[in-house]
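Residue strings, one per chain:
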Amino acid sequence: MDPAPDPLRTTVRRNGRDGGRLDADAVAVTRRADGWDWALDLDAATSVDAVGAEWDAGPADPATRMFVNGWQSWSPTGWRTLGVDDDASRASTLDFLRAIHHADPSVCAPGELRSEMVTVLVPPGGPATLVGFVGGSRHDGTVRVRVVDGHVRITAEAWLGGARVGGDGPWPLHPVVVRTGDDPDALLAQWATDVGHAEAARVAAPFTVGWCSWYQYFERIDEATLRANLTHAVDWPFDVFQLDDGYQSAVGDWLVPNERFPSSLDRIAATIRATGATAGLWLAPFLAAPDSTVARTRPELLARDPAGDPLIAMFHDIWGGFVLGLDPTAPETAAHLTDLGRAVRDAGFDYAKLDFTFSPNVPGVYADPARTPAQRVRAGYDAFRVGFGDDGFVLGCGAPLGACVGVVDAMRIGPDVAPRWEVDPTIDTVWPGYEFAAPATRHAFEATRARQFMHRRLWVNDPDCVMLRTTDTSLTPEQARAWTDAIGASGGMVVVSDDLGRLGPEHRTHLDEIIATGRAADATVRATTAGHRPAAPG
């Protein structure tokens, strides 16, 4: 396989995958030895779906492996075989499902694989070839690979998602790099270093050990249970004590607890802080239930569908069904998110977990049509960050990866764990093509290994929670140990999600082992990245 992108054919498309194409001369390309810089220069503002650069990479080798990076935290990630495996979208008939797992929600062409932000192709015998976008805050980047007439055809595609661009000078696109080497992991590490440098990644947060309510209590958490665990937590080495989903009066009304929490949020935070731990709070700030106070009284905050109705951006059975999406590009919504961030911080929470933040990618009508989907996501995070403060800790979850580099301190890098190794179809909804996005410890385990290279280069990795318990779980001791070993080896966050009153000295000893392994692994990555500088431009 010849990695050199020569000749490079550029395309500009709009109105969907099979829609109209614009003059490719509108794309200005400046070649470098390891890729290119490019920009879109249109005479007038035009709605553009994507800008692509395609090349023939030479004869296809059978059994070529391709690293496929999912678009958001939970999206399937791992190695596939070109010409054998199908893109997940080929199995799904649900537009909405594709919209929450891909930058471009359209169905891939037959035989095509796609990877978000970056990919590595490894033919039998090597060498490996990396193709990646150096950045993700202006637009998403998708690398598409297929075999055509016995040759590998690669397309690096900047996804603008229908944004109206042009008419006021060149619109810069994120640079693309094409590099070869013998070690795929080293190629990915250098790429992540370059992206982190370009996007001013926040990678300095300390190694974090914490507790989270979700995987023991789920949405059934109540204040008495939270306080009982907090009483036990003083004997555990937790830096953070985090309240997860289930406290709010409604999705969207994050500052008003429900009847199971008689205390106000500031009193809860004060109680946590009195133990010496940082108080953490979960919220999904870009969503609102139809019956929430914010949706009923602030309709101007909501994105719209083409008919002018509030845009449905999520379905979750524990929230009662369909949930609406906010429009981060509207000035009123930006102000609302800033006020929310400030109120959470003023209540005493210095750690915020922002979940389901893919929602601004859902196609709809947004106040600023010049924003790409990535810019919509970033606008929401930036607005929250303004209120929450630069020194607060923000964890992204269910988040588009590229758009969040430089604004989050940590990122969930895989699907939810669960008290089971595999998906249980009697409990979980499993969507064809997206089975590996469903909650299951095996899925989190595989994503943690696949995205290890992101740690301390793009953010601090959050593999998801440790479950130390041996009851209320179907994990075998071997499976539980494999997961905790993977968390420790990753060097990422170590967050326990168990009823602390039911854990004994053996569980504490196990956690101490995980922490010791994790600190050592994190220190190794820190030492490596300290001397790992961005690649010199070609």
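Everything discussed here concerns the structure shown above.
Description of the structure in this document. (Residues numbered from 1 in each chain as written. Predicted model: local features only at pLDDT ≥ 70, side-chain atom pairs only at ≥ 80, totals over all residues. Heavy atoms only, no water.)

### Examining the side chain of H316
For clarity, the threshold we go by: Under the scheme used here, helices are H or I runs from DSSP no shorter than 4 residues and strands are E runs no shorter than 2 residues, and both carry numbers assigned from the N terminus. Burial classes: relative accessible area under 20% of the type maximum marks a residue as buried, over 50% as exposed, and values in between as partly exposed (1.4 Å probe, protein chains only). Counting of polar contacts relies on pairs of N or O atoms within 3.5 Å, with two restrictions inside protein: one atom must be capable of donating a hydrogen and the other of accepting it, and residues adjacent in sequence are counted only when both atoms are side-chain atoms. Throughout, a contact is declared for two residues whenever any of their heavy atoms are within 4.5 Å.
Along the chain, H316 falls in strand 20 (residues 312-316). The class of H316 is buried, set by a relative accessible area of 17%. Separated by 3.4 Å, the side chains of H316 and D317 make a polar contact. In contact with H316, other than residues within four places in its own chain, are G321 and F356.

### Thoughts on the packing of helix 4 (residues 223-233) against helix 5 (residues 265-273)
The test is simple: All axes here are fitted lines through C-alpha atoms, helices being fitted over the stretch that makes contact, and every angle between N-to-C directions spans 0 to 180 degrees. Oblique is the label for any angle not under 35 degrees, not over 145, and not in the 65 to 115 range, which are roughly parallel, roughly antiparallel and roughly perpendicular in turn. Crossing handedness: left-handed means the near helix sits turned counterclockwise from the far one by under a right angle, and right-handed means the same turn made clockwise. Here the term charged refers only to Asp, Glu, Lys and Arg, the term nonpolar to Ala, Val, Leu, Ile, Met, Phe, Trp, Tyr, Cys and Pro, and the term polar to all other amino acids, Gly among them.
Relative to each other, helix 4 and helix 5 sit at 15 degrees, their axes nearing to 11 Å. The angle between helix 4 and helix 5 places the two elements in the roughly parallel class. Crossing geometry of helix 4 relative to helix 5 is assigned as right-handed. Only R267, I268, T271 and I272 of helix 5 make contact with helix 4, whose side of the interface consists of E223, L226, R227 and L230. Considered class by class, the residues forming the contact of helix 4 with helix 5 number four nonpolar, one polar and three charged.

### With respect to the environment of V494
Relative to the elements of secondary structure, V494 occurs in strand 26 (residues 494-496). For the pair V494 and R519, spaced 25 residues apart in the sequence, the C-alpha separation amounts to 9.8 Å. Other than its neighbours up to four places away in sequence, V494 contacts F207, T208, V209, G210, V466, I487, L511, I514 and I515.

### Points about the sheet that holds strand 20
We apply this condition: Strands are treated as partners if at least two bridges between them are detected by DSSP.
Spatially, three strands are ordered 19-21-20 in an open sheet, and the strand pairing comes out antiparallel. Each end of this open sheet is capped by a strand with a single partner; those strands are strand 19 (287-288) and strand 20. In the sheet, strand 20 pairs with strand 21 (residues 321-325) via four bridges, with the strands oriented antiparallel. Paired with H316 across the bridge in strand 21 is G321.

### Quick word on the side chain of Q248
Assignment of secondary structure puts Q248 in strand 16 (residues 248-250). What Q248 contacts, discounting residues up to four positions off in sequence, is D253, W254, V256, P257, N258, W282 and W319.

### A look at the packing of helix 7 (residues 331-346) against helix 8 (residues 373-388)
As a packed pair, helix 7 and helix 8 sit with axes 6 Å apart at the nearest point and diverge in direction by 40 degrees. Taken as axis vectors, helix 7 and helix 8 run oblique relative to one another. Pair helix 7 / helix 8 crosses with right-handed handedness. Here helix 7 contributes A334, L337, T338, L340, G341, R342, V344 and R345 to the contact with helix 8, which in turn contributes G380, A383, F384, V386, G387 and F388.

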